[in-house]
Amino acid sequence: MKHIFKQSSKKNAPVLLLLHGTGGTEEDLLELAKMIDEEASVLSVRGNVSENGMPRFFRRLAEGVFDEEDLIFRTEELNEFINESAEKYEFDRGNVVAVGYSNGANIAASLLYHYKGSLKGASLHHPMVPRRGIELPDLNNTPIFIGAGENDPICTPEETKELSRTLSESGASVEEYWSQAGHQLTLEEVEASKAW
């Protein structure tokens, strides 16, 4: 997978796994990572799927309708890529915190839904519920931040609440941040994520 890796000079610093939104690239969230934790290592990944020339992490059938088969395949692909990267760049696989926006937040949530221990924590900005009707792994005390907009036309408040509830029921420690905004990422939301 196309990616950028930046090693922290600080020993035991977390590795921020940066996952862009539809049409983004591995460059998109680098500034965001600096704002959240400038001492962290960074593994920023570009999605392997192209939708009308726009990079994404998995296919969708329509706006808000995921191609579940592709989502499962791409989630496994990303999980394997993180494993390989941990070996290649010699970082602690158990110290990876995802920072995802929109489509990137959805694949990060999918990692949590499918692979126990895949993430130490996750900062999910405007995510949707990746899958329904499956049993989640034990997410005992996994810290998760969810940034949401009360006026988000793509990810409704109901969707956010459902995701938050599902993760909490599996043991995760979920913190929600709500703004009046729509689907865009605001500075206030980034500040809240940093504080988290």
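Above: the structure in question.
Description of the structure in this document.

Analysis parameters
Residues numbered from 1 in each chain as written. Predicted model: local features only at pLDDT ≥ 70, side-chain atom pairs only at ≥ 80, totals over all residues. Heavy atoms only, no water. Helix = DSSP H or I, 4+ residues; strand = E, 2+ residues; numbered from the N terminus. Rg over C-alpha atoms; globule rule 2.2 N^0.38 Å. Buried < 20%, exposed > 50% of the residue type's maximum accessible area, 1.4 Å probe, protein only. Contact = heavy atoms within 4.5 Å. Pairing = 2+ DSSP bridges. Axes fitted to C-alpha atoms, helices over the stretch in contact; angles between N-to-C directions. Right-handed = clockwise from strand over helix to strand, strands pointing away. Salt bridge = Lys/Arg side-chain N within 4 Å of Asp/Glu carboxyl O. Parallel < 35°, antiparallel > 145°, perpendicular 65-115°, else oblique. Nonpolar A, V, L, I, M, F, W, Y, C, P; charged D, E, K, R; others polar. Patch = residues over 30% accessible without salt bridge, like charges linked within 9 Å, V, L, I, M, F, W, Y side chains within 5 Å. Areas by Shrake-Rupley, 256 points an atom, 1.4 Å probe, with all protein chains shown as cover. Lys, Arg positive; Asp, Glu negative; His and termini not counted. Charge placed at Lys NZ, Arg CZ, Asp CG, Glu CD. Core = buried A, V, L, I, M, F, W, Y, C linked by side-chain atoms within 4.5 Å.

### Notes on the overall build of the chain
Right, on to step 1. A count of helical and extended segments in the chain gives five helices and 11 strands.
Right, on to step 2. Against the 2.2 N^0.38 benchmark of 16 Å for 196 residues, the chain shows a C-alpha radius of gyration of 15 Å, consistent with a compact globule.
Right, on to step 3. Principal axes of the C-alpha set define a box for the chain whose edges measure 40 × 35 × 35 Å.
Right, on to step 4. Split into buried and exposed, the 196 residues of the chain put 54% on the buried side.
Right, on to step 5. Pairs at least 24 apart in sequence give 68% of the contacts found in the chain among residues at least 6 apart.

### Overview of the sheet that holds strand β2 (residues 15-19)
Right, on to step 1. Ordered in space as β1-β3-β2-β8-β9-β10-β11, the seven strands form an open sheet in which the pairing is mixed. The open sheet terminates on both sides in strands that have one partner only, identified here as β1 (3-6) and β11 (173-179). Recorded for the sheet is a direction-independent mean angle of 10 degrees between the axes of neighbouring strands.
Right, on to step 2. Bridge count for strand β8 (residues 96-101) against strand β9 (residues 121-125) is five bridges, and the pairing is parallel. Following the sheet pairing, Val 97 is matched in β9 by Gly 121.
Right, on to step 3. Of the strands in this sheet, β1, β2, β3 (41-45) and β8 touch helix α2 (residues 68-89), which is tilted by about 140 degrees from β3.
Right, on to step 4. Of the strands in this sheet, β9, β10 (143-149) and β11 touch helix α4 (residues 157-169), which is tilted by about 165 degrees from β11.

### Points about the pairing of β10
Right, on to step 1. Within β10, six of the seven residues are buried, which leaves the element mostly enclosed by the surrounding structure.
Right, on to step 2. Bridge analysis of β9 against β10 gives four bridges, and the strand direction is parallel. Residue pairing in the sheet places Ala 122 in a bridge with Ile 144 of β10.
Right, on to step 3. In the sheet, β10 pairs with β11 via seven bridges, with the strands oriented parallel. Considered in β11, the bridge of Ile 146 is made with Glu 176.
Right, on to step 4. Note on the crossover from β10 through α4 to β11: the handedness is right-handed.

### Here's the deal with the pattern of salt bridges
Right, on to step 1. All told, the structure shown has 15 salt bridges when counted by the stated rule.
Right, on to step 2. Where Glu 26 meets Arg 46, a salt bridge forms, and the shortest distance between an N and an O atom there is 2.7 Å. Taken together, the residues Glu 26 in the loop between β2 and α1 (30-36) and Arg 46 in the loop between β3 and β4 (49-51) connect sequence positions 20 residues apart.
Right, on to step 3. A relative accessible area of 23% means that Arg 46 is categorised as partly exposed.
Right, on to step 4. Between Glu 51 and Arg 56 there is a salt bridge, with the nearest N and O atoms lying 3.8 Å from each other.
Right, on to step 5. Connected via shared salt-bridge partners are Arg 59, Asp 67, Asp 70, Arg 74 and Glu 77.

### What about the packing of α2 against helix α3 (residues 103-114)?
Right, on to step 1. As a packed pair, α2 and α3 sit with axes 10 Å apart at the nearest point and diverge in direction by 85 degrees. It follows from the interaxial angle that α2 and α3 lie roughly perpendicular. Listed contacts from α3 to Leu 71, Ile 72, Arg 74, Thr 75, Leu 78, Asn 79 and Ile 82 of α2 are Ile 107, Ser 110, Leu 111 and His 114.
Right, on to step 2. Its residues assigned to classes, the contact of α2 with α3 comprises six nonpolar, four polar and one charged.

### Structural notes on a negative patch on the surface
Right, on to step 1. Together, Glu 76, Glu 80, Glu 84 and Glu 87 give the surface a local cluster of negative charge.
Right, on to step 2. Tracing the sequence through the fold places Glu 80 in helix α2.
Right, on to step 3. Classification of Glu 80 as partly exposed rests on a relative accessible area of 38%.

### Observations regarding the nonpolar core
Right, on to step 1. Residues Leu 17, Leu 19, Leu 124 and Leu 167 are the most contacted members of the largest nonpolar core, which totals 37 residues.
Right, on to step 2. Contributions of two or more residues to this core are made by β2, β3, α2, β8, α3, β9, β10 and α4.
Right, on to step 3. Considering every element that reaches this core, the biggest residue donor is α3, with seven residues.
Right, on to step 4. Look past the residues within four positions of Leu 17 in its chain and what remains in contact with it is Leu 43, Val 45, Ile 82, Val 96, Val 97, Ala 98, Val 99, Leu 111 and Leu 119.

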